[in-house]
Amino acid sequence: MKPVPHATSLRRAPVQRRSAERLTRILDACADLLDEVGYDDLSTRAVALRAGVPIGSVYRFFGNKRQMADALAQRNLERYTERVTERLKRTRAGDWRAAMDAVLDEYLAMKRTAPGFSLVDFGNQIPVGVRRAEPNTRVADRLVQLLSGYVGRAPDDELRRVFLVAVESADALVQLAFRTDPQGDESIITETRELLRAYLGRVLD
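> For this particular structure, what's the right way to read the nonpolar core?
One recurring pattern in soluble globular proteins: nonpolar side chains tend to sit buried together. Ranked by internal contacts, the top residues of the largest apolar core, which has 37 residues, are Tyr80, Leu143 and Leu147. Taken together, the elements giving at least two residues each to this core come down to helix 4 (65-88), helix 5 (96-113), helix 7 (135-147), helix 8 (157-180) and helix 9 (186-204). If you tally residues by element for this core, the top one is helix 8, at nine residues. Residues contacting Leu147, with those up to four places away along its chain left out, are Leu88, Ala99, Met100, Val103 and Phe163. Counting 23 residues, the second-largest nonpolar core is a separate cluster that includes Ile26, Leu42, Val53 and Met68.

> Sorry, what's going on with empty space enclosed by the protein here?
Overall, the coordinates contain two cavities of 30 Å³ or more when judged by the stated rule. What the largest cavity holds in volume is close to 220 Å³. Residue lining of the largest cavity: 16 residues in total, with Tyr80, Val103, Tyr107, Val167 and Ala170 positioned closest to the centre. Only helix 5, helix 7 and helix 8 provide two or more residues apiece to the lining of the largest cavity. Ranked by the residues each element gives to the lining of the largest cavity, the list is headed by helix 8, at five residues. The calculated volume of the second largest cavity comes to roughly 30 Å³. Around the second largest cavity sit Met100, Asp101, Leu104, Arg193, Leu196 and Arg197, which together line it. Secondary structure elements with two or more residues in the lining of the second largest cavity: helix 5 and helix 9. Among the residues forming the lining of the second largest cavity, the class breakdown is three nonpolar, no polar and three charged.

Rules used throughout
- Residues numbered from 1 in each chain as written.
- Predicted model: local features only at pLDDT ≥ 70, side-chain atom pairs only at ≥ 80, totals over all residues.
- Heavy atoms only, no water.
- Core = buried A, V, L, I, M, F, W, Y, C linked by side-chain atoms within 4.5 Å.
- Buried < 20%, exposed > 50% of the residue type's maximum accessible area, 1.4 Å probe, protein only.
- Helix = DSSP H or I, 4+ residues; strand = E, 2+ residues; numbered from the N terminus.
- Contact = heavy atoms within 4.5 Å.
- 1 Å grid on protein atoms, 1.4 Å probe; cavity = no way out; pocket = protein on both sides within 12 Å on 5 of 7 lines; lining within 4 Å.
- Points joined across faces, edges and corners; volume = space filled by probe spheres on them.
- Nonpolar A, V, L, I, M, F, W, Y, C, P; charged D, E, K, R; others polar.

In structure tokens:
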């Protein structure tokens, strides 16, 4: 079964398998509708109809569409982490450049193919939460957890700061690439990759 968001993003966490499957259908419907109508025209009623569940089932988990979008963003981050982890299994330990290629490539793949991702991604387009929970902080913290051992560095404040700067920089440039070309301007993506390698090389080489 596909992963569901952490319980803190929900009014009520699913306990039984049937409830978890219903939550997955709700988030899948939310993602599809985001692509079709955008966030402004998204409604909890439309999500319920698309998911084939009573409107009460949506409100059981979410108070409004903002909470639903945040839960989708958290699920996106979980799926992204899984994809990067799988890529790293095929990458030589200590090769941080290959690791960062995996980080960028998997993000680009989700940007191009995952329903709703272009509008919500990890929450950047519809910001939610407190400062420590800002989307790029979430992503940077997750990458520190995932890659610190892989690159042979302690997950200390310096590495967190470096990864946050890298994530913020890459995010801005990738958004530019997709504004220039709906599939992502390859020349800008190449520049992004080079920028990340030059910046991270100061710390990781």
